[in-house]
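# Coordinate inspection notes
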Amino acid sequence: MSEPSSRAKNTILALRGARPTILPSLLLCDFANLEREVRLLEEAGTVCLHLDVMDGHFVPNLTYGMPIVSALRKITKLTLDVHLMISDPSQYAPQFVDAGADAITFHIEALPEPSALLTKLQSQGAAAGLAINPSTPFESILPFVPQCDLVLAMSVDAGFGGQPFNPVALERLAHLRKAAGPDLLLEVDGGVNDSTIHQCVSSGADLLVVGSAIFRQADYGQAMTRLRRVMQA
Ligand code: DX5
Ligand code: ZN
């Protein structure tokens, strides 16, 4: 087992090396066949899985917790990116790193003073960052961006898959790319599909989270190939 700091460094370098890359969001996957879903995504060239954790309080929807992350950790070497949509990230985020998460984002709306938790997660060996909803003033995260390994600009209000893309995320990505330089990993999540993915990458996004545009398609591999083609066009 390597030092925590080198584990985080490896995650960051792997994600930087792959960018731009599509992160399938398991929110809409077939949970009765989770291992099969992971194998299909591996075969389709996935580098990193996006795991949406919702607590029914921070957002009006409930998904899953640490047991799913540790189960996935046992069956795949893919990078696991955990998006915490929960009211108390300080209490639970470290447990997700223990369960095998490689990268974690939590919401600035849930923890307006996030420095201590970012430091804690990084010291555990995770890449750590902040997520922000479209309606939250952008200024709220700016002081903390230098501490982040990644920033997640939401392009829908967190909570549900299948919502339309909010272009405010594009302005935010472009601003962050300009202000923070090339090293910061920029992630976008919500309504990313064939029509919106190209603009996301042009605005600076590295990590493109995609739910329905993969999981509501018959063939995940074909959907990812098409998205990659549009993304890089
Ligand atoms: C929404 C989640 C997303 C969601 C994306 O709160 O954070 O990861 O699964 O799904 P689509 O791509 O359908 O908007
Ligand atoms: Zn997400």
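Here is a short report on the structure shown in this document.

## Some details on the state of the cysteines
Counted under the stated rule, the structure contains zero disulfides. Free of any disulfide, Cys-200 has its nearest neighbouring cysteine sulfur in Cys-48, separated by 16 Å. On the accessibility criterion, Cys-200 (0% relative accessible area) is buried.

## Examining the coordination of the zinc ion (ligand 2)
Four donors placed tetrahedrally around a metal ideally meet at 109.5 degrees, and six donors placed octahedrally ideally meet at 90 or 180 degrees. Coordination of the zinc ion (ligand 2) by the protein comes from His-50 (NE2), Asp-52 (OD), His-83 (ND1) and Asp-189 (OD), over a distance range of 2.0 to 2.3 Å. Of note is the zinc ion (ligand 2), whose six donor atoms meet at the metal with angles of 68 to 168° in an arrangement that counts as octahedral. Between the donor residues of the zinc ion (ligand 2), the gaps in sequence give the motif H-x1-D-x30-H-x105-D. Of this pair, His-50 sits in strand β2 (residues 48-54) while His-83 sits in strand β3 (residues 79-85); the two residues are 33 residues apart in sequence, bridging distant segments of the chain.

## Some points on the packing of helix α4 (residues 89-99) against helix α5 (residues 115-124)
Axis separation between α4 and α5 bottoms out at 10 Å; the angle between their running directions is 15°. When the axes of α4 and α5 are compared, the pair comes out roughly parallel. The interaxial crossing formed by α4 with α5 has right-handed handedness. On α5, the residues that touch Pro-89, Ser-90, Ala-93, Pro-94, Val-97 and Asp-98 of α4 are Leu-117, Lys-120, Leu-121 and Gln-124. Grouping the amino acids of the contact of α4 with α5 by side-chain chemistry returns six nonpolar, two polar and two charged.

## Details of the layout of surface pockets
Of the pockets and cavities examined, the largest pocket occupies roughly 260 Å³. If you go around the largest pocket, you meet 25 residues; those closest to its centre are Gly-161, Gly-162, Asp-189, Gly-190 and Gly-191. Mapped by element, the contributors of at least two residues to the lining of the largest pocket are β2, β3, β8 (207-210) and α8 (212-215).

## Regarding the pairing of strand β4 (residues 103-107)
With respect to burial, β4 is a largely interior element, five of its five residues being buried. Neither face of β4 is left uncovered, since the one carrying Ala-103, Thr-105 and His-107 and the one carrying Ile-104 and Phe-106 both have all their residues buried. Crossover connection from β3 via α4 to parallel β4: handedness right-handed. In this sheet, strand β5 (residues 127-132) lies alongside β4 in parallel orientation, the contact comprising five bridges. If you follow Ala-103 over to β5, its bridge partner there is Ala-127. Remark: the β4/α5/β5 crossover connection has right-handed handedness.

## Observations regarding the nonpolar core
If you look at the biggest cluster of nonpolar residues, it comprises 62 residues, and the most contacted ones within it are Leu-26, Leu-51, Val-82, Leu-84, Ile-104, Val-188 and Ile-214. When near neighbours in sequence (up to four residues on either side) are disregarded, Ile-214 contacts Ile-22, Pro-24, Leu-41, Tyr-220, Ala-223, Met-224 and Leu-227.

## Focus on the packing of aromatic side chains
Scanning the model with the defined rule gives two aromatic pairs in all. Measuring from ring centre to ring centre gives 5.0 Å for Phe-215 and Tyr-220, while their planes differ by 65°; the resulting arrangement is edge-to-face. When sorted by exposure, Phe-215 lands in the same class as Tyr-220, which is buried.

## Focus on the site of ligand 1
For ligand 1, the set of nearby residues contains 20 residues, the closest of which are Asp-52, Gly-159, Asp-189, Gly-211 and Ser-212. At 2.8 Å, a backbone N or O of Gly-162 approaches an oxygen atom of ligand 1. For ligand 1, whose free accessible area comes to 380 Å², the fraction covered by protein is 99%. Every element with two or more residues in the shell around ligand 1 is listed here: β2, β3 and β8. Top element by residues in the shell around ligand 1 is β2. It accounts for three residues.

## Details of the side chain of Asp-102
Its location among the elements puts Asp-102 in the loop between α4 and β4. A residue is classified by how much of its surface remains accessible, and Asp-102, at 11% relative accessible area, is buried. When neighbours within four sequence positions are excluded, Asp-102 is seen to be in contact with Arg-7, Thr-11, Arg-73, Leu-78, Thr-79, Leu-80, Ala-126 and Ala-127.

## Brief notes about the sheet that holds β3
Taken in spatial order, the eight strands line up as β1-β8-β7-β6-β5-β4-β3-β2 in an open sheet, and their pairing is parallel. At either margin of the open sheet sits one strand with a lone partner, and together these are β1 (21-24) and β2. With direction set aside, neighbouring strand axes in the sheet form an average angle of 25°. Most of the contacts of helix α6 (residues 168-180) go to strand β7 (residues 185-189), to which it runs at about 175°, and overall it touches β5, β6 (150-154) and β7.

Rules used in this analysis
- Residues numbered from 1 in each chain as written.
- Chains lettered and ligands numbered in written order.
- Predicted model: local features only at pLDDT ≥ 70, side-chain atom pairs only at ≥ 80, totals over all residues.
- Heavy atoms only, no water.
- Disulfide = S-S within 2.5 Å.
- Buried < 20%, exposed > 50% of the residue type's maximum accessible area, 1.4 Å probe, protein only.
- Donors = N, O, S within 2.8 Å, 3.2 Å for Na, K, Ca; no water.
- Tetrahedral: all angles 85-135°; square planar, octahedral: opposite > 155°, others 65-115°.
- Helix = DSSP H or I, 4+ residues; strand = E, 2+ residues; numbered from the N terminus.
- Axes fitted to C-alpha atoms, helices over the stretch in contact; angles between N-to-C directions.
- Parallel < 35°, antiparallel > 145°, perpendicular 65-115°, else oblique.
- Left-handed = near helix turned anticlockwise from the far one by under 90°.
- Contact = heavy atoms within 4.5 Å.
- Nonpolar A, V, L, I, M, F, W, Y, C, P; charged D, E, K, R; others polar.
- 1 Å grid on protein atoms, 1.4 Å probe; cavity = no way out; pocket = protein on both sides within 12 Å on 5 of 7 lines; lining within 4 Å.
- Points joined across faces, edges and corners; volume = space filled by probe spheres on them.
- Right-handed = clockwise from strand over helix to strand, strands pointing away.
- Pairing = 2+ DSSP bridges.
- Core = buried A, V, L, I, M, F, W, Y, C linked by side-chain atoms within 4.5 Å.
- Phe/Tyr/Trp six-rings, centres within 6.5 Å; stacked < 30°, edge-to-face > 60°.
- Near = heavy atom within 4 Å.
- Polar contact = N/O pair within 3.5 Å; in protein donor to acceptor, adjacent residues only side chain to side chain.
- Areas by Shrake-Rupley, 256 points an atom, 1.4 Å probe, with all protein chains shown as cover.

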